[in-house]
Amino acid sequence: MDLQLNNKNALVTGSTKGIGYAIAQVLAQEGANVIVNGRSQESSDKAASSIGHGARGIAADVSTAEGCNKLLKDAGQIDILVNNAGIFEPKPFVEIPDADWERFYEVNVMSGVRLTRAVLPGMLERNWGRVLFVSSESGVQIPAEMIHYGMTKAANIALVNGIARLTKGTHVTVNAILPGPTASEGVSNFVGEMAKDANLSKDEFEKEFFESARPTSLIQRFAEVEEVANTTAYYCSPLSSATNGAAIRVDGGVVLGT
């Protein structure tokens, strides 16, 4: 399928690895001019070079206003913004200090707020644009083991709900992608450590994880980053023009209900 992305300028935050990298890779393969973003120029350039298709790297820490401003200045016109930068960490609720709540909010929420606030007026003026927030099924079914993370992902969905209203009658859309448990690099490393601590193989741990922690999953496995990326790329394209203000699940059926 031709996603009609030739010459569209796409910025994917947090895209040196994991889901963000996979999204940037698909967009570049589909003809978009992709900007890869990470916190270091070395990692950003390395990922961009690996992706090819003219992708370029811009280093910026999007958890700060200064970092967002630098990224926007260096990026130029943005037709597609994928707010993917995010962090997660399982921690008991009573042990989460204020500093962690603030850090998670800055990275997972305010990065998207600042960047979207900056690019939306230009998209509306040109009467075309795509804004995607990579949220999570954890924004719908808040995980007890990382409530602070779930809170930020619920905030992403709320932002999409509100910002999409500002695009009424235009060809600009704002949507949220809700991945379920996904085998990104960070998750795979975390699972590997947990499996080691439990004296289980990765396959054994994955089976146990879905039976006990995510029993509602219909696919009963971690999604691949490419599966999330393929869906995201479609909603970045002109072909998705009738979808706006939506929370799009790529969760393997974890969320109960339709």
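Keep in mind the model is a prediction, meaning the values are calculated, not measured.

Definitions and limits used
Residues numbered from 1 in each chain as written. Predicted model: local features only at pLDDT ≥ 70, side-chain atom pairs only at ≥ 80, totals over all residues. Heavy atoms only, no water. pLDDT = per-residue confidence, 0-100. Helix = DSSP H or I, 4+ residues; strand = E, 2+ residues; numbered from the N terminus. Domains from an automatic or database assignment. Contact = heavy atoms within 4.5 Å. Buried area = accessible area lost by both parts, 1.4 Å probe. Salt bridge = Lys/Arg side-chain N within 4 Å of Asp/Glu carboxyl O. Pairing = 2+ DSSP bridges. Axes fitted to C-alpha atoms, helices over the stretch in contact; angles between N-to-C directions. Patch = residues over 30% accessible without salt bridge, like charges linked within 9 Å, V, L, I, M, F, W, Y side chains within 5 Å. Areas by Shrake-Rupley, 256 points an atom, 1.4 Å probe, with all protein chains shown as cover. Right-handed = clockwise from strand over helix to strand, strands pointing away.

Some remarks on the confidence of the model for the protein chain
Phase 1: Here the protein chain averages 95 in pLDDT, while 100% of its residues score no lower than 70.
Phase 2: Across the protein chain, strand 4 (residues 80-83) holds the top mean pLDDT of 99, while helix 6 (residues 185-197) sits lowest at 78.

With respect to the domain arrangement of the protein chain
Phase 1: Domain annotation of the protein chain identifies domain 1 (9-182 + 224-250) and domain 2 (183-222).
Phase 2: Taken together, the contact between domain 1 and domain 2 spans 14 residues of the former and twelve residues of the latter.
Phase 3: When domain 1 packs against domain 2, the two sides together hide about 990 Å² of surface, and 53% of this comes from carbon and sulfur.
Phase 4: Ranking the residues of domain 1 by area buried against domain 2 places Phe88, Pro181 and Thr182 at the top, with a combined share of 44%.
Phase 5: Notably, a salt bridge pairs glutamate 227 with arginine 221, separated by 3.0 Å at the nearest N-O pair.

Some remarks on the sheet that holds strand 1 (residues 9-12)
Phase 1: Strand order in the open sheet formed by seven strands is 3-2-1-4-5-6-7, and the pairing between neighbours is parallel. Looking at strand neighbours, the two that pair on one side only are strand 3 (56-59) and strand 7 (247-250), the edges of this open sheet. Taking the axes of each pair of neighbouring strands and ignoring which way they run, one obtains an average angle of 20° across the sheet.
Phase 2: The sheet contact formed by strand 1 and strand 2 (residues 33-38) spans four bridges and is parallel. Opposite leucine 11, over in strand 2, you have isoleucine 35 as the bridge partner.
Phase 3: Each of strand 1, strand 2, strand 4, strand 5 (129-134) and strand 6 (172-179) touches helix 1 (residues 18-29); the most contacted strand, strand 1, lies at about 170° to it.
Phase 4: Against the sheet, helix 5 (residues 147-163) engages strand 5, strand 6 and strand 7, with an angle of about 160° to strand 5.

Quick word on a nonpolar patch on the surface
Phase 1: A surface patch of nonpolar side chains, about 240 Å² in accessible area, is lined by Phe88, Phe190 and Met194.
Phase 2: For phenylalanine 190, the position within the fold is in helix 6.

Some words on the pattern of salt bridges
Phase 1: Enumeration over the complete set of coordinates arrives at twelve salt bridges.
Phase 2: Overlapping salt bridges bring together Glu89, Lys91, Asp100 and Arg103 as one network.

Some remarks on the pairing of strand 3
Two faces make up the sheet, and in a regular strand the side chains alternate between them.
Phase 1: When strand 2 meets strand 3, the two strands line up parallel, connected through four bridges. Note on strand 3: the bridge partner recorded for glycine 38 is alanine 59.
Phase 2: One crossover worth recording links strand 2 to the parallel strand 3 by way of helix 2 (residues 41-51), and it is right-handed.

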